[in-house]
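# Structural overview for review
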Amino acid sequence: MTSARKTIITGLVTFAAGLALWLWGLDVEIVVFTPSKFGVVLMVIGGLELLYGVFKAVRSTA
């Protein structure tokens, strides 16, 4: 269960970091990347990792 819990927490932190970049990075444009677009990518990755952690937690209890 610890591995699933770590995966869920990591997914939540990644999603929250992406959400912060998306919300506060809309007006900022850096030469290499746009923080709002990078935030959307982090939110997708964090959401997928969160779903994988939930899947691992449900799978281990079944």
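Residues numbered from 1 in each chain as written. Predicted model: local features only at pLDDT ≥ 70, side-chain atom pairs only at ≥ 80, totals over all residues. Heavy atoms only, no water.

## Concerning the side chain of T7
For clarity, the threshold we go by: Only DSSP runs of H or I with at least four residues qualify as helices, and only runs of E with at least two residues qualify as strands; both kinds are numbered from the N terminus onward. Classification of residues uses two cut-offs on accessible area relative to the type maximum, computed with a 1.4 Å probe and protein chains only: under 20% is buried, over 50% is exposed, and between them is partly exposed. Side-chain atoms alone can form a polar contact between residues adjacent in sequence; in general such a contact is a pair of N or O atoms within 3.5 Å, and within protein one must be able to donate a hydrogen while the other accepts it. Any two residues whose heavy atoms approach within 4.5 Å are treated as being in contact.
Mapped onto the elements of the fold, T7 is located in helix α1 (residues 2-24). The buried category is assigned to T7, whose relative accessible area is 11%. Polar contacts involving the side chain of T7 include one to the main-chain carbonyl oxygen of S3, which spans 2.8 Å. The residues touching T7, leaving out its near neighbours within four places in the chain, are E49, Y52, G53 and K56.

## Description of the packing of α1 against helix α2 (residues 35-61)
Stated precisely, the cut-off is as follows: Inter-axis angles, ranging from 0 to 180 degrees, are taken between N-to-C directions of lines fitted to C-alpha atoms, where helices are fitted over the stretch in contact. Throughout, the term roughly parallel applies to angles under 35 degrees, roughly antiparallel to angles over 145, roughly perpendicular to angles from 65 to 115, and oblique to all others. Take the far helix as your reference; a near helix turned counterclockwise from it by less than a right angle gives a left-handed crossing, and one turned clockwise gives a right-handed crossing. Residues are sorted three ways: Asp, Glu, Lys and Arg are charged, Ala, Val, Leu, Ile, Met, Phe, Trp, Tyr, Cys and Pro are nonpolar, and all the rest, Gly among them, are polar.
In the contact formed by α1 and α2, the axes pass within 7 Å of each other and the chain directions differ by 160°. If you check the angle between α1 and α2, you find them roughly antiparallel. Between α1 and α2 lies a crossing whose hand is left-handed. Of the residues contributing to the contact of α1 with α2, the split by class is 16 nonpolar, 11 polar and 2 charged.

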